[in-house]
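# Analysis of the macromolecular model
Listed below are the residues making up each chain.
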Amino acid sequence: MGRYVARRLLLTIPVMLGASILIFSVVYALPGDPIRALAGDRPVSPAVVQVLTERFHLDDPLWMQYWEYLKGLFQGDLGTDFRGRPVLDTIERTLPVTIRLTIVAVIFEIVIGLTAGVLAGIRRNSYFDNLVLVSTTVVVAIPILVLAFLAQLLFGLKLGWFPIAGTREGWYGYVLPGLVLASGSLAYVARLTRTSIAENLRADYVRTAKAKGLPPRRIIVQHTLRNSLIPVVTFIGADIGALLGGAIVTETVFNLPGIGREVFDAIRAQEGAVVVGIVTLMVFFFIFFNLVVDVLYAVLDPRIRYD
Amino acid sequence: MTDQQQADLRKDEIEAGTTTGLASPSVDPTSDRQNSLWSDAWAALKRNPLFWIGAVLTVLFTVMAIVPQVFARGQDPRACDLANSRALPSADHWFGYDVQGCDYLSNVVYGARNSLIIGVFAVVVILLLGVAVGAIAGYFGGVTDGILSRIADIFYALPLILGALVLLRVGPETSIPIINSRGPGAVALALALFGWMTAMRLVRSQVIAVKSSDYVAAARAMGAGNTRILVRHILPNAVAPVLVYTTITIGVIIAAEATLTYLGVGLQRPAFSWGLQIEAGQSDVRDAPHLVLFPSIVLTLTVMAFILMGDALRDALDPRQRA
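Worth saying up front: this structure is predicted, and the values here are computed from it rather than measured.

Conventions used here
Residues numbered from 1 in each chain as written. Chains lettered and ligands numbered in written order. Predicted model: local features only at pLDDT ≥ 70, side-chain atom pairs only at ≥ 80, totals over all residues. Heavy atoms only, no water. Salt bridge = Lys/Arg side-chain N within 4 Å of Asp/Glu carboxyl O. Helix = DSSP H or I, 4+ residues; strand = E, 2+ residues; numbered from the N terminus. Buried < 20%, exposed > 50% of the residue type's maximum accessible area, 1.4 Å probe, protein only. Domains from an automatic or database assignment. Contact = heavy atoms within 4.5 Å. Buried area = accessible area lost by both parts, 1.4 Å probe. Polar contact = N/O pair within 3.5 Å; in protein donor to acceptor, adjacent residues only side chain to side chain. Nonpolar A, V, L, I, M, F, W, Y, C, P; charged D, E, K, R; others polar. Phe/Tyr/Trp six-rings, centres within 6.5 Å; stacked < 30°, edge-to-face > 60°. UniProt positions renumbered as here; feature names shortened; annotations may be inferred. Patch = residues over 30% accessible without salt bridge, like charges linked within 9 Å, V, L, I, M, F, W, Y side chains within 5 Å. Areas by Shrake-Rupley, 256 points an atom, 1.4 Å probe, with all protein chains shown as cover.

Another aspect to go through is the pattern of salt bridges. Throughout the structure, instances matching the rule amount to 11 salt bridges over all chains. For B:Arg204, the salt bridge goes to B:Asp145, with nearest N and O atoms at 2.7 Å. A residue pair is termed long-range when its members are at least 10 positions apart, and B:Arg204 in helix 9 (residues 197-211) and B:Asp145 in helix 6 (residues 142-156) qualify at 59 residues. Residue classification places B:Arg204 among the partly exposed residues on the basis of a relative accessible area of 23%. Among the ionic pairs, B:Arg150 bridges to B:Asp153, the shortest N-O distance being 3.0 Å. Of this pair, B:Arg150 and B:Asp153 both sit in helix 6, 3 residues apart, which is roughly one turn of the helix. Under the relative-accessibility criterion, B:Arg150 is labelled partly exposed at 25%. Beyond isolated ion pairs, a larger network of salt bridges with shared partners links A:Arg191, B:Asp311 and B:Arg314.

Here's what the structure looks like:
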């Protein structure tokens, strides 16, 4: 187990590095002139150009710039944007919003997705089961962009239940965007749970439990659910990593100042350091949660041994 | 062999879509013809209503993309009269008018072409990349596989929309052909570049699974080269899962295109695009909700068409899920 974790950790290093090089080279391969862009129409004195060029290593070849960036990264320095604000501060300001959004989304996945999946799995081919199947298909097919507008239009404007933008109303403002962000995964959780339960209900140990005369409730809760939830728990775990990096559209439409909207603004403004910093963070989350899930799998399911 | 064994074997063969020659068809109690994977799949598809909904919608939108004039009810999407600005839907103009006073139905209908072109083009590139890289990684294994799989991991860790967003933002300022065009080709290529990994993994695992089978060993013993074994013996076995994946991915790409365009880095005005229409309509959502609603509905139906067909195909092609 320890060896497996160590090997996986080692394997994440080239992936992390590769992803940051990839995004770094796309961002900085820009032929545009960021100093000119920063100054707009006003003339820039050669002295200022020189200082800025040196500070941001704009004259060095790409690999040198990356090396400088990497050196800073290991000292906890993600660089500064062109206005001189440290990227780390920007992340500290915006990350809590995204984390809150992710928490709300995961709660929706568990509460709605899991419940629907369990009920559908227990009563296979019932009316409710078919309802879950059809509605999850529809939900998966609705682009998150459309879903966001639909939710704003229906629950925000027509019914007036939820605020449609911003974070002024605290956690309440996260309900609608959280639901929208969760929708796709929620449908997947429902389907996964349903299949998993239906499969486990046919297993030998369930037949044994029935033969022992255990009450149906106990068979489902104690025996079937525990085993069926293993793939679901691991999916939700991995999904956390994806949600943390995938909220660009949701945060933009609902005007939430999280890392997704921040990175989108930075891409538009060609703030290279911010883009690279946040994207690297997103990649880190993604890889980290996937690693956690793989290890968790072995803990939850003793049949899996990584040796 | 007893009759029961014969029947079991025959059942296994039908499910695997192959024949071992051990079960003689004459003892098969259920069928007197050889069922292939595809004929079984077609039989299952025919009975699936979701497949038919998807198929009808796909045909509808494909025709709409080729000859939008037929669906535009004789309206020219570029003939606008500001007096009609944001007029609500009516019997003559089913989708109402947009801000410029243009007939909205024809504008929405003309948007199908770009969406489908981008969806199909991106998926073709994804398949070319995915099949080539996946087949090489799976077939040669070892260091080659290690390197190619890590490269796929790297791309996989970047969210699709994010990668395409960065590339498309930078694109127009580069000298890379197509990518610097801000047209459908650029959007499709950007999405393909950050979306080929799943296809690669699918093909890779299929190739690894099939590579050690007896018929591949037989082909090698008869002197077949690597290329021939890959193309003639291994890849045909990977077709089924890739086909399912392809169908669903066209839908996913169409949704991603609308999103990128909405975010301002995809197609640009005056192109016909549902993403642009949603973006333009969102500021008027209180007074003229139809401006957001109609392109959203049509976009959703298009995406749904491909996802429904892909889902149905998966159920039909995977014998394990057949009850």
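There is more to say, and it comes next.
Turning our attention to the domain arrangement of chain A. Residue and element names in this part refer to chain A. As assigned here, chain A comprises domain 1 (2-87) and domain 2 (92-300). Taken residue by residue, the interface counts 21 residues in domain 1 and 17 residues in domain 2. Together, the buried faces of domain 1 and domain 2 total about 1700 Å²; carbon and sulfur atoms form 75% of this surface. Counting across the interface, domain 1 meets domain 2 through 1 salt bridge. Between Arg8 and Asp294 there is a salt bridge, with its nearest N and O atoms 2.2 Å apart. In this assembly, domain 1 and domain 2 are joined by 1 residue pair in polar contact (both at pLDDT 80 or more). The dominant element in the side of domain 1 that touches domain 2, judged by the number of residues it contributes, is helix 1 (residues 2-28), at 13 residues. When its residues are assigned to classes, the side of domain 1 that touches domain 2 shows 15 nonpolar, 3 polar and 3 charged.

Moving on: the packing of aromatic side chains. For the structure on display, the rule yields 18 aromatic pairs over all chains. Summarising the aromatic geometry, the rings of A:Phe288 and A:Phe289 are spaced 5.4 Å apart at their centres and angled 80 degrees between planes, so their arrangement reads as edge-to-face. With a centroid separation of 6.4 Å and 85 degrees between ring planes, the pair formed by B:Trp42 and B:Phe51 is classed as edge-to-face. For B:Trp42, a relative accessible area of 41% gives the class partly exposed.

Glancing now at the UniProt feature "transmembrane region" (unreviewed entry) in chain A. Residue and element names in this part refer to chain A. Summarizing the sequence annotation, UniProt attributes the feature "transmembrane region" (unreviewed entry) to residues 9-30, 97-119, 131-151, 171-190, 228-254 and 274-300 in the numbering used throughout. For residues 228-254, the helix share is 89%, the strand share is 0%, and the end-to-end C-alpha distance is 35 Å. In residues 274-300, helix accounts for 100% and strand for 0%; the two terminal C-alpha atoms are 38 Å from one another.

Moving on: a nonpolar patch on the surface. A cluster of nonpolar side chains, contributed by A:Ile99, A:Ile103, A:Ile107, A:Ile110, A:Val111, A:Ile112 and A:Trp171, occupies part of the molecular surface with about 610 Å² of accessible area. Note that A:Val111 resides in helix 5 (residues 87-122).

Moving on, we come to the UniProt feature "transmembrane region" (unreviewed entry) in chain B. Residues and elements named next belong to chain B. As annotated by UniProt and renumbered to match this structure, "transmembrane region" (unreviewed entry) occupies residues 50-71, 116-142, 154-171, 183-203, 242-265 and 292-313. The span residues 116-142 shows a helical share of 96% and a strand share of 0%, and its end C-alpha atoms are spaced 39 Å apart. Taken end to end, residues 292-313 is 100% helix and 0% strand, and its first and last C-alpha atoms sit 32 Å apart.

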